[in-house]
Amino acid sequence: METIVTLLGAGILEALQPVNFMMILIGCAIGLLVGAMPGLGSVNGVAILLPITFLVPPTAAIIFLAAIYYGAMYGGAISSITLGIPGASTAVATVFDGRPLAQSGKADQALFAAAVASFVGGTISVVLFTLFAPPLAAFALKFGPPEEFALMVLAFATFIGLGGDDIPKTVFSILIGLVLAAVGLDIISGQPRLIFGNLPGFLHGVNFLVLAIGIYGIGEMLWTLENTKGKVVVHKVKLSMQSMLRNLAVIKTYIGTTSLGSLLGYFVGTLPAAGATPASLMSYGIAKTFSKEPDTFGKGNVSGVAAPEAANNAASTGSMLPMITLGIPGSPTTAILLGGMIIWGLRPGPLLFTEHPGFVWGLIGSLYIANLVTLLINLAFIPVFVKVLTLPFTILAPVIYILCIVGGYAPTQTMHDVWLMFLFGIVGYLLRKLNYPVAPAVLAIVLGPLAERSLRQSLLASQGDMLTFVERPISGVCIAFAAALMAYPLCQKWRARAGKSRAA
């Protein structure tokens, strides 16, 4: 323990060196901007700015890229809350309650909760990273395809069993999401499937960000236009010292779900190829599950903002664990970071801690500083973010519309995705009118490819034996919990009927 404290202290001092500290400040500020811009996200931000790192030493270069990654995790909440457009896929769950809070004049509360939850998630994950890196890496390696599939099933069961929505509609929403997730090329045979008359644009599948921006950007705008009947909408948001103190007092209501989301996010982040998006959606589902008021989720519950924001920040740190200890990137962004390290002659793996301790602990120390710096920048600019909501909707609507087009075009740079985004916008608007929950479909399109890959790998390895999912301890426990969650609504209905029959 004493050795870890000494190494961490040296790492923080390394991160506070003038060049490294400047890289942290610039990286966090750029990350916030990149995260807030729809369609960019941490992957594009880190990839675009990778060449700039050749101007500084290796440690400062990787610290700069990691700071961008960290800042982008914070920044995604800004456009999700103020405009209803997720800045990145990791911030989609933040829209569910962040946007309703903003529309009810509580944007400052939502932004404050997002900043605090991100800080808590980042702090918990960095502490876990510092203390338990080797054992957690070893435990994550025990998660094979069956365990990964069981974890995905558990995530779906959480939404179905304890979601609080109409169960048939929730199941329908999940199935639609799974169908959309299957569009593209078969992962084993490579054959095209569900490409709707050989349309080449569908060969790369349905981009998740296109779906999210369509539903939550275009769909939200159509819904607002219908309900306001073309009248000017100005959201009144009061920002004062009293409101800030009130926001501080509200922290106790969501600190529990924030801590739980941080732990979940960090662990999911350590799983190779999982990443922050599934972590944030799963955290949102768990927050709704354990809430005393699950019906308020989706209508402006501050815990619905805090839980996913804590999880996506924790997952971003967690995804660095397999990258540094095993040389396996835990997310697309860490894959680019891995490439940057190799360019600089730093070979990730178990020997990195002994061969380059100054770099490793300097990077870990920079995460502590970047977490605090990003929190302070975020809180300082809350008044600026809130100002966006005071603009008349006649000005805001065209801005949202243009940002949606840019966000839909940026991931693949094809007009096919822009038209698809408009289609999803209309579908999202209709689902809202018909009272169908959209969150389960979003969860399904994110987890669908991961679940399919894990399912097919498991069945190939076991020669089609379905018992492989219950014979292994970890996957067996997850499946048992999933079955219990699915049975829970049926038990509730049975108890309600039994109570009525007794009363009669």
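Here, every reference points to the structure presented above.
Reading the values: rules and limits
Residues numbered from 1 in each chain as written. Predicted model: local features only at pLDDT ≥ 70, side-chain atom pairs only at ≥ 80, totals over all residues. Heavy atoms only, no water. Helix = DSSP H or I, 4+ residues; strand = E, 2+ residues; numbered from the N terminus. Buried < 20%, exposed > 50% of the residue type's maximum accessible area, 1.4 Å probe, protein only. Contact = heavy atoms within 4.5 Å. Areas by Shrake-Rupley, 256 points an atom, 1.4 Å probe, with all protein chains shown as cover. Axes fitted to C-alpha atoms, helices over the stretch in contact; angles between N-to-C directions. Parallel < 35°, antiparallel > 145°, perpendicular 65-115°, else oblique. Left-handed = near helix turned anticlockwise from the far one by under 90°. Nonpolar A, V, L, I, M, F, W, Y, C, P; charged D, E, K, R; others polar. Salt bridge = Lys/Arg side-chain N within 4 Å of Asp/Glu carboxyl O. Polar contact = N/O pair within 3.5 Å; in protein donor to acceptor, adjacent residues only side chain to side chain. Phe/Tyr/Trp six-rings, centres within 6.5 Å; stacked < 30°, edge-to-face > 60°. Patch = residues over 30% accessible without salt bridge, like charges linked within 9 Å, V, L, I, M, F, W, Y side chains within 5 Å.

Engineer: Pulling in residues and values, what's your account of the overall build of the chain?
Structural biologist: A count of helical and extended segments in the chain gives 22 helices and 2 strands. By residue count, 55% of the 504 residues in the chain fall in the buried class. Pairs at least 24 residues apart make up 78% of the contacts formed inside the chain by residues separated by at least 6 positions. When the accessible area of the chain is evaluated, it comes to approximately 21,600 Å², of which 71% is carbon and sulfur surface.

Engineer: If you had to explain the packing of helix 4 (residues 58–82) against helix 12 (residues 303–318) to someone new, which residues and values would you point to?
Structural biologist: Across the interface, helix 4 lies against helix 12 with an axial gap of 9 Å and an inter-helix angle of 160 degrees. In terms of orientation, helix 4 lies roughly antiparallel with respect to helix 12. The handedness of the crossing between helix 4 and helix 12 is right-handed. Together, Tyr69, Tyr70, Met73, Tyr74, Ala77 and Ile81 of helix 4 and Val305, Glu309, Asn312, Asn313, Ser316 and Thr317 of helix 12 make up the contact between the two elements. Tallied by class, the residues present in the contact of helix 4 with helix 12 amount to 7 nonpolar, 4 polar and 1 charged.

Engineer: Account for unusual backbone geometry, with residues named and values stated.
Structural biologist: Keep in mind that most residues, glycine aside, have a negative phi and that most peptide bonds are trans. The phi dihedral of leucine 194 is positive, around 50 degrees, even though this residue is not glycine. Secondary-structure assignment places leucine 194 in the loop between strand 2 (192–193) and helix 9 (208–228). Judged by relative accessible area, which is 42%, leucine 194 ranks as partly exposed. Although it is not a glycine, glutamine 463 sits at a positive phi angle of roughly 60 degrees.

Engineer: An account of the pattern of salt bridges is needed here, citing residue identities and associated values.
Structural biologist: With the rule as written, the count across this model stands at 6 salt bridges. A salt bridge links aspartate 186 to arginine 193, with the shortest nitrogen-to-oxygen separation between them at 3.2 Å.

Engineer: So, the environment of phenylalanine 424: which residues are in play, and what are the values?
Structural biologist: Looking at the secondary structure, you find phenylalanine 424 in helix 19 (residues 415–433). If we skip the residues at most four places from it in the chain, phenylalanine 424 touches Leu180, Val206, Val210, Leu211, Gly214 and Ile215.

Engineer: Outline the side chain of serine 283, supporting the account with residue identities and numerical values.
Structural biologist: Its place among the elements puts serine 283 in helix 11 (residues 276–290). Residue class for serine 283 comes out buried when judged on its relative accessible area of 3%. Separated by 2.9 Å, the side chain of serine 283 and the backbone oxygen of alanine 307 make a polar contact. Sequence-distant contacts of serine 283, that is, excluding residues within four places in its chain, are made with Gly261, Leu264, Ala307, Pro308 and Ala311.

Engineer: Lay out the packing of helix 4 against helix 16 (residues 357–380) with the relevant residues and their values.
Structural biologist: Their axes nearest at 9 Å, the elements helix 4 and helix 16 cross at an angle of 35 degrees. Here helix 4 runs over helix 16; the crossing is right-handed. On helix 16, the residues that touch Thr59, Ile62, Ile63, Ala66, Tyr70, Gly71, Tyr74 and Ile78 of helix 4 are Phe359, Gly362, Leu363, Ser366, Leu367, Ala370, Asn371, Thr374, Leu375 and Asn378. Residues that form the contact of helix 4 with helix 16 fall into these classes: 11 nonpolar, 7 polar and no charged.

Engineer: Lay out the packing of aromatic side chains in plain terms, naming residues and giving numbers.
Structural biologist: Under the counting rule described, the total for this entry stands at 5 aromatic pairs. An angle of 45 degrees between the planes, with centres 4.9 Å apart, marks the rings of phenylalanine 149 and phenylalanine 469 as tilted. Residue phenylalanine 149 is found in helix 7 (residues 145–162), and its partner phenylalanine 469 is found in helix 21 (residues 468–471); the two are separated by 320 residues along the sequence. Per residue, the accessibility class of phenylalanine 149 equals that of phenylalanine 469, and both read buried. Ring geometry for tryptophan 419 and phenylalanine 422: centres 6.1 Å apart, planes at 50 degrees, overall tilted. Placement of both tryptophan 419 and phenylalanine 422 in helix 19 is noted, with a separation of 3 residues, approximately one turn of the helix. Its relative accessible area of 19% is what places phenylalanine 422 among the buried residues.

Engineer: Before we move on, can you summarise a nonpolar patch on the surface with the specific residues and values?
Structural biologist: Together, Leu13, Leu16, Phe21, Met22, Leu25 and Ile26 line one region of the surface with nonpolar side chains, adding up to about 530 Å² of accessible area. A total of 4 residues in the nonpolar patch trace back to one element, the largest contributor, which is helix 2 (residues 18–36). Mapping methionine 22 onto the fold places it in helix 2.

Engineer: I'd like to hear about the environment of glycine 318, residue by residue, with values.
Structural biologist: The residue glycine 318 is located in helix 12 in this model. Placed 53 residues apart in sequence, glycine 318 and glycine 265 show a C-alpha to C-alpha distance of 7.6 Å. Not counting residues up to four positions away in its chain, the partners in contact with glycine 318 are Tyr266, Gly269 and Thr270.

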